[in-house]
Each structure stands twice: as structure tokens, then as C-alpha cells.
Amino acid sequence: MGGFFCETCDREFNSENAANQHMDAKDHWAPTFGCQTCDREFNSENAANQHMDAKDHWSFACETCDREFNSQDAANQHMNAKDHWAAPTFSCETCDREFDSEHAANQHMDAKDHWAPTFSCETCDREFNSEDAANQHMDAKDHWAPTFSCETCDREFDSENAANQHMDAKDHWAPTFPCETCGQNFDSEGAVVQHMYKDDENIFDVWPWDLHYEYLLKGRSLCDEFPHPFS
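Residues numbered from 1 in each chain as written. Predicted model: local features only at pLDDT ≥ 70, side-chain atom pairs only at ≥ 80, totals over all residues. Heavy atoms only, no water.

Per an unreviewed UniProt entry, the recorded name for the protein chain is C2H2-type domain-containing protein, and the organism is Pseudallescheria apiosperma.

In C-alpha cells:
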């Protein structure tokens, strides 16, 4: 063969023209990495970078015009002097529209209702553009997240287990007063007394005898401690 090789594959040709035609047709030219300042080209990006480091051939472009500079500082000085810094763009939060000012972007999002939703339902994955809209949805669908309150303080929790752990740790369980006869619990001593009394029954008929005996041992009277609430 003639010794003219494709720069990418292992094909060999009898002439440079034949090799070039093949590389044109197959796009088999080896990639080249050019210097940003001079016309030198290199077979690897690393080689091009080494050259530009050594020769200080890096170029720094103006953000507006086609001027290029050998340092970022020089480019910055030019853009400061010419006010050539690229104008900031303000994007719509929903579509791909961009605007030259924040005010214009806001007007567009107001007109098209393109504000990104920021208020989420506490239960489902619906999102809303305003807190009021989210609240209306949760009211209508009963989608408010359940809360579990401490029985003593005003702390609230997202789960019953978390509330129970708090009340265990802080001893914040509400006191309960059980009926000595049926076992029903009440929030106050007065409530359980009212429950245990019947309208016209004597206290000895509704309180267990062992409780009377316990009070007598202490030199106290159960009847005196808890007079009939309906008398």
C-alpha cells in the first residue's frame, strides 16, 4: 500500500488524496484542539492547554462584542469601560421565556399564572400558587395533616408515636381518675365522684367496701371527703 493512513480507523491508501476523500466521507479526521490566540493546532486538549499556558495564549472574550483579550482582567476592564457586561436575564418560573428585567418577568408570570407553585397540600401531591388556595383545597378534601397533641402542654406532633414519646419523656400524660367499680376513666376526681354516685343512692352502695376501709384506717371518712354531689 502507499502509506497514507486514515487518522481515525486503520484504513491505508495509495495516495494522500484518497485518504483525504475517505476521511471527508466518513468524518474520520482526527480531532484537533486549536490555540485560542495563534493558529497552532494540537492532537489533544492537554497539549493545547500546555501551549497556551506556556505562551500565555489564553483568550478571554467580551460578553457582548467580539473583542478578545489575553487575560480575564483585561476583558473585565473593557466590559467595565464599555458597559459590555451581558445583561442579566430573568426567566419565567414555568415556561422557557426570558426577560430583560425582573419587572417584565413578573408581569408575564402574573398574566399567564406562571409562578412556580410553592404551597403544597399536607396530604396529597397537589401544589398551589398561594397559601389561601392550598388551604381551600385542604378544607374541601379534608387533607390537613393530622396532628397529635401533648395532653399537658401545647406541643403538637405529626404522629401519635412522636406525641407518646414526648409525653413519656416529660411525664406529660394527663392524669386519669378511674371508677373503682366499672374501671371507666375520668379527667378529674370530681367527675369520677359524680359518676359513682347515683341520684338517690347512698355512697356505701356504689363505692367498694375496701376503699371505705382504707379511708377508715387513715382516720378519715369517705362520705365526708366526697359528699353527695346531688344533695
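Caption draft 1: Expanded view of the UniProt feature "domain: C2H2-type" (unreviewed entry) in the protein chain. Feature annotation in UniProt assigns "domain: C2H2-type" (unreviewed entry) to the following positions: residues 60-84 and 119-143. End C-alpha to end C-alpha, residues 119-143 measures 13 Å, and it is 44% helix and 16% strand. (UniProt positions renumbered as here; feature names shortened; annotations may be inferred. Helix = DSSP H or I, 4+ residues; strand = E, 2+ residues; numbered from the N terminus.)

Caption draft 2: Looking closely at the environment of Asp 139. With respect to the secondary-structure elements, Asp 139 resides in helix 5 (residues 131-141). You can call Asp 139 exposed: its relative accessible area is 53%. Within the local environment of Asp 139, its side chain forms a polar contact with the side chain of Trp 144, the two groups lying 2.7 Å apart. (Buried < 20%, exposed > 50% of the residue type's maximum accessible area, 1.4 Å probe, protein only. Polar contact = N/O pair within 3.5 Å; in protein donor to acceptor, adjacent residues only side chain to side chain.)

Caption draft 3: Region of interest: helix 1 (residues 16-26). Within helix 1, the full set of buried residues consists of Ala 19, His 22 and Met 23. For helix 1, the buried positions fall inside an angular range of 95° around the axis, keeping them on one side. Of the exposed residues in helix 1, those oriented more than 90 degrees away from the buried face are Asn 17, Asp 24 and Ala 25. On its buried side, helix 1 packs onto strand 1 (4-5) and strand 2 (12-13). The positive-phi residue at the C-terminal boundary of helix 1 is Asp 27, with phi of around 55°. (Arc of directions from axis to C-beta. Contact = heavy atoms within 4.5 Å.)

Caption draft 4: The arrangement of unusual backbone geometry in detail. A positive phi angle is found at Asp 142, which is not glycine, with a value near 55°. Within the secondary structure, Asp 142 is located in the loop between helix 5 and strand 11 (148-149). Of note in the backbone geometry, Asp 171 takes a positive phi value of approximately 50° without being a glycine. Looking at where Asp 171 falls in the secondary structure, it is placed in the loop between helix 6 (160-170) and strand 13 (177-178).

Caption draft 5: Examining the state of the cysteines more closely. Considering all chains together, one arrives at 0 disulfides under this definition. No disulfide involves Cys 9; its nearest neighbouring cysteine sulfur is the one of Cys 6, lying 3.5 Å away. Overall, Cys 9 belongs to the partly exposed group, its relative accessible area being 25%. Residue Cys 62 stays outside any disulfide, its sulfur separated by 3.5 Å from that of Cys 65, the closest cysteine. Judged by relative accessible area, Cys 62 falls into the buried class, the value being 7%. (Disulfide = S-S within 2.5 Å.)

Caption draft 6: Focus on the environment of Ser 159. Along the polypeptide, Ser 159 turns up in the loop between strand 12 (156-157) and helix 6. The exposure class assigned to Ser 159 is partly exposed, which follows from its relative accessible area of 30%. In this structure the C-alpha to C-alpha distance between Ser 159 and Pro 146, which are 13 residues apart in sequence, comes to 7.7 Å.

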